[in-house]
Amino acid sequence: MEDYIYDTDDPIVALATAWSESALAVIRTSGRGSVELFSRVFSNSRELKKSLGFTLHYGYIVDQNRKKRIDQVTAAVYRAPKSYTGQESVEIFCHGSLPGIELIITLLKDVGFREAGPGEFTMRAFLNGKMDLSQAEAVAEIVQSKSRQAHSLALNRLSGGVFDRIDTIKKKLVDLMSIIEVQLDYPDDEIGGDTAVPSDSVLHAIEELETLIDTYRVGRIFHEGVVVAFAGGTNAGKSSLFNLFLKEDRSIVSEINGTTRDYIESWISINGIPVRLFDTAGLRNADHPVELEGIRRSEEIIKNAAVVLYVIDGSVGMTDEDLKVFQEKGKGNEYMFIWNKIDESDKTVPRGVFPVSAVTGKGFSDLEKAISSGLTGLEISGSELMIDSLRQRELLERAVAALKGVKKSLANKVSLDAVALDLKDGLDALGEITGEVSSEDILNNIFSGFCVGK
Amino acid sequence: MDYDVIVIGGGHAGIEASLAVSRLGFSTLMITQSLDAIGRLSCNPAIGGLSKGNIVREVDALGGEMARLIDATMIQYRTLNKRKGPAVQAPRAQADKFLYNRLAMDTLGRQANLVLFQDTVVEILVNTSGRDVSGVLTERGNRINAKAVIMTTGTFMDGRVFIGEYQASSGRLGEPAALGLGDSLRGMGFVLGRMKTGTPARVAASSLNFDLMEEQPGDSKMLPFSFGKNSIDRPSVPCFITFTNEKTHTIISKNMHRSPLYSGEIIGNGPRYCPSLEDKVVRFPDRNRHQIFVEPEGIGSQEMYLNGISTSLPEDVQEAFLRTIPGLEDVRIMRPGYAVEYDYMDPTQLYPSLETKKISGLFVAGQTNGTSGYEEAACQGLMAGINAALKLQSKDPLILSRDLAYTGVLIDDLVTLGTEEPYRMFTSRAEYRLNLRHDSADIRLVPLGYRIGLQSEEVFDRLNKKIEGIEEIKALLASRYMKSSDLDSAPEGFSRHLGKKFGQILKNPDVNIDQLSKLEPRIEEYPREWISHSELDIKYEGYIIRQMKQVERFNKMEKKRIPRDFDYDLVEGISSESREKLKKIKPCSIGQASRISGVRNSDIAVLMVMLKRSNRNEE
């Protein structure tokens, strides 16, 4: 298991506020070069770097690769030793959306920050003399309880199925490692020549791990919810359907076009998946500036939604606008088309469109099922294997990267001692999830599986 | 005071320990049960092997003797695993075991400050406080005083030899065990356990039909283990390979009840990496044959060693199963195979200096600590000798870290984790093995040997010249471009390297330094060894840099020292399991503490906080 190094000044990052949706969040960094590293993702970097400490800087977090602004933030600069940890430090005050926070932390890690271990900031503060001696015991307790908490969290989050799956892959890699190590630990003539390293089992492990990584999206959806938005022409019945989902009369439903001028959002649960459901202003030509603004915002929400429920007025049939959208989006997974008002008309429902009635509720449960399986890409049941923590995903990705290194080295006929280095990295990563693999474990495996020794 | 230091035992640990102490200027007494048995190769007649060969070279770099002994007595040499990467290549040599033993005796006999004496130690003496060693008491009643005692008793402490139903109190077949010493140590409160190891039969060469075996020659060129030597001029003789078969296995299976291993007579753990033939037959029933290396024990000797089939079956069974093996149909056994069970000291009772935690001035090294192998014993003996001398000089002990030497890995594993079976070194035990190449042992350790006083100025200067030379070669390779005029004498396909630097070209797996040095005569002016060292450094640069980063982190934790008298009972908030383990092991550093099995990361963090606090209180 990777040792937590509690006394270094390498740059670390962690979310300082609770991991939940909120108005504001604070991301804290500490360590050598924190200001310079942070400046690489900050729009106002020149001013930031000049700071002598205790200054606030306004600007954007920028994804340099995609040339994209991620969030509007203020950043506080601290210079050593005048900070919480006694080290150079930047604190970032950002918006409290979970995907946004995650993206910022990912960007910071890309430029060289490491995710902090449990209690690592406090530990550094103590080691740098930022706390008096009487606080030492308290620090110890904090470090302990945090790591215990982190430990139990990690375990609770990992369902038995995922644990077993990762552990099975790990065991296969231990076997692979044994095949390599036995050839490194014994000369050719004692083990009857070379044993080929089965590269297909490396490929297989990579595939399995990648499958697991893909479940992260699904796991995350369960964990944090997902944005679903209504779209469609005015008066198609979006708000009525929205209310049906809410099972409460929240948005204003009227026969007059354009009642929903802005958008309305609510948290609901569809087959256990937390969903942020948005009812948007109808898409139509409007000239009132307030309506125009509402439409602009609606378009923004629709663009960012994981699933768009496009509602068609079944009593009218497809309008030209409906047809255009249907032709454009009908083949993809992002849009689901709903044929509303089947109680009012018996027009033939086109293929690939869900017939429902917001008034009678007919077809509604089928729609719910279709939405949830559309969201997860899987049939939803409680026993599906999913990973849902960023840490797990990172470790699995590290393992995959290491195994790809192994694959490449084997293909290039790199010598086995170097191959072993990559494989060890992969095993260490999986070991952090399901338990460390020591050199003694490998030797045990060798002695039980190979008849070796003069 | 009669002597500064007493070394008990004349095996491979005892040799290094007594030479190191006496060479550092202390009056030394080696007590052995048999002066004729000094440096005897009790098991296979070979020195070196994977990771073990590295250890021999480490011993040499620090100023030990083993490399010089084998260089002068080898009768076959091979570099193992040439194809598997430099980190795991190592030299091995067959030894003329009679010559080896005689040269060891001769070397010790000529050493200034060193007195050899034949007797058997039965008791370790301590001063009135009971905490400092004061000397030894022997079987014949000699009471000899010393400031430090180094115990290297090998398999002799209450040793018991087994051959089928036959049992005898012996440390080696035909040599009496050392009785009483184990009880004396137990009486002092030390924890001792039992371990087992075994050897195969030695058979007469004249009774073998070598035509039915495969000949296994050595490398055409013998290379020295010692960094002080450039070449070896010794005769080279071949080994032979043959195999057991199903008939052999049937005989063994039928007679299994007569093996002391399976009848329950032997309680000690044997080495799993070196199982007896009985074990191989039982544990791997699918294997229809097992390999045997037939190795000469010396030039001018009839004895051949049957490596790979150690056994403790009765002599009649041994003869019967040997005769089923091709080439051994008319075999005559000269010495039967046997198992030996002996007392070992739980090595977690030692500091990494190999001094016991209980008795100051008492050091333990070699097989007594639960290891196996001549090389493992030698490096411990050397370190115990060095640390006993440093103690008498009131200096800090020399602890080799895990990133610096296999010797360091070995001792750290022993004193931190203990061992359940005879501990043998494997390359996979070293997490930084790319740094522990055998050809770099001098760069790693000669400066330390020089600082301690075991290496001369001349050796140190020679090392510095080598380091400079290697840097020059690397600089040359880094600056030299592949020119079109090179292509005439370059191997086929080298045109794709045009315009690239030699250092870059060398990183291709299919390019070697010889191909490049042919194009650049300035390279060939350097010694062969330096050139290949540079080649490996360049080829593995990426991996080495990666490893160095890990080493950097590792060293940070190693440098956080924990005082010997640190009171773990004062540390609140750590688990009781961790506390008990920390109290037992008394780690010297946070790094060592973190390697104790079952001590949690969070407990280590708490410990660091407390350490910082107690340091501040002292300030």
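Residues numbered from 1 in each chain as written. Chains lettered and ligands numbered in written order. Predicted model: local features only at pLDDT ≥ 70, side-chain atom pairs only at ≥ 80, totals over all residues. Heavy atoms only, no water.

Chemist: Outline the overall build of chain A, listing residues and values.
Modeler: Of regular secondary structure, chain A possesses 14 helices and twelve strands. Expressed as a percentage of the 454 residues in chain A, the buried residues total 50%. Look at the contacts in chain A between residues 6 or more apart in sequence, and 65% of them connect residues 24 or more apart. Roughly 21100 Å² of accessible area belongs to chain A as shown, and the carbon and sulfur atoms make up 52% of that amount. (Helix = DSSP H or I, 4+ residues; strand = E, 2+ residues; numbered from the N terminus. Buried < 20%, exposed > 50% of the residue type's maximum accessible area, 1.4 Å probe, protein only. Contact = heavy atoms within 4.5 Å. Areas by Shrake-Rupley, 256 points an atom, 1.4 Å probe, with all protein chains shown as cover.)

Chemist: Give me the overall build of chain B: which residues, what numbers.
Modeler: For chain B, the count of helices and strands is 20 helices and 22 strands. On C-alpha atoms alone, chain B measures out to a radius of gyration of 26 Å, which is about the 25 Å that the 2.2 N^0.38 rule sets for 619 residues. The principal-axis extent of the C-alpha atoms belonging to chain B is close to 80 × 75 × 50 Å. Contacts in chain B between residues at least 24 apart in sequence constitute 72% of all its contacts with a sequence separation of at least 6. By element, 48% of the accessible surface of chain B is carried by carbon and sulfur atoms, the whole surface being about 23900 Å². (Rg over C-alpha atoms; globule rule 2.2 N^0.38 Å.)

Chemist: Outline the pattern of salt bridges, supporting the account with residue identities and numerical values.
Modeler: Here the structure, examined in full by the defined rule, presents 66 salt bridges over all chains. Arg-79 of chain A is paired through a salt bridge with Glu-88 of chain A; the nearest N and O atoms lie 3.9 Å apart. Judged by relative accessible area, which is 24%, Arg-79 of chain A ranks as partly exposed. Glu-208 of chain A is the salt-bridge partner of Lys-172 of chain A, the closest N and O atoms lying 3.2 Å from each other. Of the two residues, Lys-172 of chain A sits in helix H6 (residues 160-185) while Glu-208 of chain A sits in helix H7 (residues 199-224), which places them 36 residues apart along the sequence. With relative accessibility at 40%, the residue Lys-172 of chain A sits in the partly exposed group. Exposure remark for Glu-208 of chain A: the relative accessible area of 18% places this residue in the buried category. Residues participating in the shared-partner salt-bridge network are Arg-402, Asp-412, Asp-413, Glu-431, Glu-558 and Arg-595 of chain B. (Salt bridge = Lys/Arg side-chain N within 4 Å of Asp/Glu carboxyl O.)

Chemist: Let's hear about the confidence of the model for chain A: which residues, and what values?
Modeler: All names here are of chain A. Chain-level statistics for chain A give a pLDDT mean of 79 and a share of 78% at 70 or above. Per-element confidence in chain A ranges from a low mean pLDDT of 49 for helix H5 (residues 136-157) to a high of 95 for helix H1 (residues 34-39). The model gives residues 147-157 a pLDDT under 50, and that stretch makes nine contacts with residues more than four places away or in other chains. Every residue in residues 378-383 scores below 50 in pLDDT, and together they form nine contacts with partners more than four places removed in sequence or on other chains. (pLDDT = per-residue confidence, 0-100.)

Chemist: How would you explain the interface of chain B and chain A if you had to name every residue and give the values?
Modeler: Contacts between chain B and chain A engage 59 residues on the former and 55 residues on the latter. When the two sides are added together, the surface that chain B and chain A hide from each other amounts to roughly 5000 Å², 50% of it contributed by carbon and sulfur. At the surface where chain B touches chain A, the tally comes to 16 residue pairs in polar contact (both at pLDDT 80 or more). Contributing elements (two or more residues each) for the side of chain B that touches chain A: strand S4 (74-80), helix H7 (277-283), strand S18 (291-296), helix H17 (541-558) and helix H20 (601-618) of chain B. Per element, the largest residue contribution to the side of chain B that touches chain A is twelve residues, and it comes from H20 of chain B. Class assignment for the residues of the side of chain B that touches chain A results in 21 nonpolar, 15 polar and 23 charged. (Buried area = accessible area lost by both parts, 1.4 Å probe. Polar contact = N/O pair within 3.5 Å; in protein donor to acceptor, adjacent residues only side chain to side chain. Nonpolar A, V, L, I, M, F, W, Y, C, P; charged D, E, K, R; others polar.)

Chemist: Pulling in residues and values, what's your account of the sheet that holds strand S10 (residues 160-163) of chain B?
Modeler: All names here are of chain B. Reading across the sheet, the four strands line up as S11-S10-S21-S14 and stay open at both edges, with antiparallel pairing between neighbours. The open sheet has two edge strands with one neighbour each: strand S11 (166-168) and strand S14 (192-199). With strand direction ignored, the average angle separating the axes of adjacent strands in the sheet is 20°. Note that S14 and strand S21 (residues 338-345) share eight bridges and pair antiparallel. When the sheet's bridge partners are listed, Leu-192 is paired in S21 with Met-345. (Pairing = 2+ DSSP bridges. Axes fitted to C-alpha atoms, helices over the stretch in contact; angles between N-to-C directions.)

Chemist: Outline the sheet that holds strand S5 (residues 89-95) of chain A, supporting the account with residue identities and numerical values.
Modeler: Residue and element names in this part refer to chain A. Here six strands make up an open sheet; going across it, the order is S3-S4-S5-S2-S1-S6 and the pairing mixed. The open sheet has two free edges, formed respectively by strand S3 (55-63) and strand S6 (114-115), since each of these has just one partner strand. Relative to S5, strand S4 (residues 68-78) runs antiparallel, the two sharing five bridges. Within S5, the position partnered with Tyr-78 by the bridge is Ser-89. Relative to strand S2 (residues 24-30), helix H3 (residues 98-110) is tilted by about 15°, and along the sheet it contacts strand S1 (12-15), S2, S3, S4, S5 and S6. Strand contacts of helix H4 (residues 120-127): S1, S2 and S6, with the helix running at about 125° to S1, the strand carrying the most contacts.

Chemist: Explain the confidence of the model for chain B residue by residue, including any values.
Modeler: On average, residues of chain B carry a pLDDT of 93, and 99% of them reach 70 or more. Under the prediction, the complex receives an ipTM of 0.84, its pTM being 0.79.

Chemist: Before we move on, could you go through empty space enclosed by the protein and cite the residues and values that matter?
Modeler: Residue and element names in this part refer to chain B. Overall, the coordinates contain three cavities of 30 Å³ or more when judged by the stated rule. One number sums up the size of the second largest cavity: a volume of about 70 Å³. Lining the second largest cavity are eleven residues, and of these Gln-76, Arg-78, Arg-92, Gln-94 and Cys-239 lie nearest its centre. Put simply, the parts of the chain that give the lining of the second largest cavity at least two residues each are S4, strand S5 (90-95) and S18. (1 Å grid on protein atoms, 1.4 Å probe; cavity = no way out; pocket = protein on both sides within 12 Å on 5 of 7 lines; lining within 4 Å. Points joined across faces, edges and corners; volume = space filled by probe spheres on them.)

Chemist: Any details on the nonpolar core? Residues and values, ideally.
Modeler: Residue and element names in this part refer to chain B. Counting 95 residues, the largest nonpolar core has Ile-6, Ile-124, Val-136, Ile-150, Leu-185 and Ile-386 as the members making the most contacts within it. Sort the elements by how many residues they give to this core and helix H9 (residues 374-392) lands first, with eleven residues. Ignoring sequence-local partners within four residues, the contact set of Leu-185 consists of Ile-124, Met-151, Met-157, Phe-190, Leu-192, Met-345 and Leu-362. (Core = buried A, V, L, I, M, F, W, Y, C linked by side-chain atoms within 4.5 Å.)

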